[in-house]
Amino acid sequence: MKMAADVGRRILSVSEKIRRAAAGREPALPDIAPRLVAVGKTKPPAFLIEAYRHGQRHFGENYVQELVEKASDSQILSTCPDIKWHFIGHLQKNNVNKLLGTPNLFMIETIDSIKLADKVNLSWQKKQAPQRLKVMVQVNTSEENSKHGLSAEETVQVVRHVLTNCPSLEFIGLMTIGRYGYDLSQGPNPDFQLLSFPCSLVPYMELLSNIIPCFIHYLDRNTDSSSVLSNSVLAAHRKELCDQLNLPLKTVELSMGMSTDYEHAIQVGATNVRVGSTIFGERTYPGKPGSGENSEEVGEPAGITTGLTAKAP
């Protein structure tokens, strides 16, 4: 299968770009090797097996049913014993038990409420697993209604709750999607900077000077400036909030960046990037116009089957 064979070449190319991007980071950022999560949404097990054969170990899926089916696939179980699964989509509480039954589940990146954290914690506790389940808390840095995730204030509350009330969970960092189609010629993506600020040692004034051009860009386009300006407040207070929670900087990971912007995300502090179409090729959804990274972070659709395509709603 030619497309499957191309996966190995693409994995090597992406891995090399990740290494170069990490080498170009600001010295003040924590020296943490970025983790590549290969997102195989809608792609068959053969593609994932080929990526594994070329050294890839971390894989991500957005949909619970698709993750369960792939993780339970007999070929993947027999040929990929060290595979590590990340769940990166919106998780509803009624799907928690199904998700936690997934073989080789490594991390849930999208905890977005105290109730969800409690449900995951209790369910993992009942499994009597030997290790805590790694989780990230999802932040809606762009403040878009179409995206899941927490505000800055809610993020602190949920992280504190996980640390103090969820003994079966291991909080390891923050995750964001960021606005789609951001033009990097306007300067660094403010969504990424706002997330990375508490986990870097970059002085606030330097950060602010970097994102001022972004403010001007949004204002020039008649964009509602309220969310952008409120995010500047978040940047100013982020490190203080991290200090309140007593979180060592180097232990708080940042999951941000996808196929279109993972190199930039790493340069501004990402330690975990979620790359799909660049590795596996564009996604197709029969009966549904459009595909690609813009549809990666969505809710569970109806009709995910072993064929790994979604029926039209």
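The coordinates are above.
Just so we're clear, the structure is a prediction, and the values are computed from it rather than from any experiment.

Draft legend 1. Highlighting the overall build of the protein. Helices and strands together make up the secondary structure of the protein, namely 12 helices and eight strands. With 313 residues in all, the protein has 55% of them scored as buried. The long-range fraction of contacts in the protein, counting pairs at least 24 apart against all pairs at least 6 apart in sequence, stands at 67%. Carbon and sulfur atoms provide 52% of the accessible area of the protein, an area that totals close to 13900 Å².

Draft legend 2. Here's a closer look at helix 7 (residues 152-165). The end-to-end C-alpha distance of helix 7 is 20 Å, a good match for the 20 Å that 14 residues give at a rise of 1.5 Å each. Within the sequence span of helix 7, burial applies to A152, T155, V156, V158, V159, H161 and V162.

Draft legend 3. Spatial organisation of the nonpolar core. Counting 61 residues, the largest nonpolar core has I108 and V120 as its most contacted members. Once residues within four sequence positions are removed from consideration, I108 is found in contact with F87, L91, L99, L100, V120, L133, K134, V135 and M136. Listed in part, the seven residues of the second largest apolar core include F106, M136, I172 and M175.

Draft legend 4. Spotlight on the environment of V135. Along the chain, the position of V135 falls in strand 5 (residues 133-138). The class of V135 is buried, set by a relative accessible area of 0%. Put simply, V135 and A117 are 18 residues apart on the chain and 9.0 Å apart in space, counted from C-alpha to C-alpha. If sequence neighbours within four positions are ignored, V135 has contacts with M107, I108, I111, V162, L169, E170, F171, I172 and G173.

Draft legend 5. Examining unusual backbone geometry more closely. Despite not being glycine, T42 has its phi angle at roughly 75°, a positive value. Here T42 lies in the loop between strand 1 (35-39) and helix 2 (45-53). Phi angles above zero are rare outside glycine, and N104 is one such case at about 65°. Its location among the elements puts N104 in the loop between helix 5 (96-100) and strand 4 (105-111). A relative accessible area of 35% places N104 in the partly exposed class.

Draft legend 6. Representation of the environment of W85 in the model. Along the chain, W85 turns up in strand 3 (residues 84-87). Of the residues examined, W85 reaches a relative accessible area of 0% and is grouped as buried. Separated by 23 residues in the primary sequence, W85 and I108 have C-alpha atoms spaced 8.7 Å apart. Excluding anything up to four places from it in sequence, W85 contacts L48, F59, E61, L67, K70, A71, I76, P103, N104, L105, F106 and M107.

Draft legend 7. Representation of the packing of aromatic side chains. According to the stated counting rule, one finds one aromatic pair in the structure shown. Arranged with centres 6.1 Å apart and planes meeting at 50°, the rings of F59 and W85 form a pair that is tilted. Placement of the pair is F59 in strand 2 (residues 58-61) and W85 in strand 3, with a sequence separation of 26 residues. For the pair formed by F59 and W85, the shared burial category is buried. The lysine or arginine in question, R57, covers the ring of Y52, its NZ or CZ lying 3.7 Å from the ring centre.

Draft legend 8. Region of interest: the pairing of strand 2. Of the two faces of strand 2, both are covered, the one formed by H58 and G60 as well as the one formed by F59 and E61. With two bridges joining them, strand 1 and strand 2 adopt parallel strand pairing. Residue pairing in the sheet places A38 in a bridge with F59 of strand 2.

Draft legend 9. How the structure looks around the side chain of N121. Looking at the secondary structure, you find N121 in helix 6 (residues 114-127). Apart from the residues lying within four places of it in its own chain, the contact partners of N121 are N165, C166, P167, S168 and L169.

What counts, and at which threshold
- Residues numbered from 1 in each chain as written.
- Predicted model: local features only at pLDDT ≥ 70, side-chain atom pairs only at ≥ 80, totals over all residues.
- Heavy atoms only, no water.
- Helix = DSSP H or I, 4+ residues; strand = E, 2+ residues; numbered from the N terminus.
- Buried < 20%, exposed > 50% of the residue type's maximum accessible area, 1.4 Å probe, protein only.
- Contact = heavy atoms within 4.5 Å.
- Areas by Shrake-Rupley, 256 points an atom, 1.4 Å probe, with all protein chains shown as cover.
- Expected span 1.5 Å × (residues − 1).
- Core = buried A, V, L, I, M, F, W, Y, C linked by side-chain atoms within 4.5 Å.
- Phe/Tyr/Trp six-rings, centres within 6.5 Å; stacked < 30°, edge-to-face > 60°.
- Lys NZ or Arg CZ within 6 Å of the ring centre and 35° of its normal.
- Pairing = 2+ DSSP bridges.

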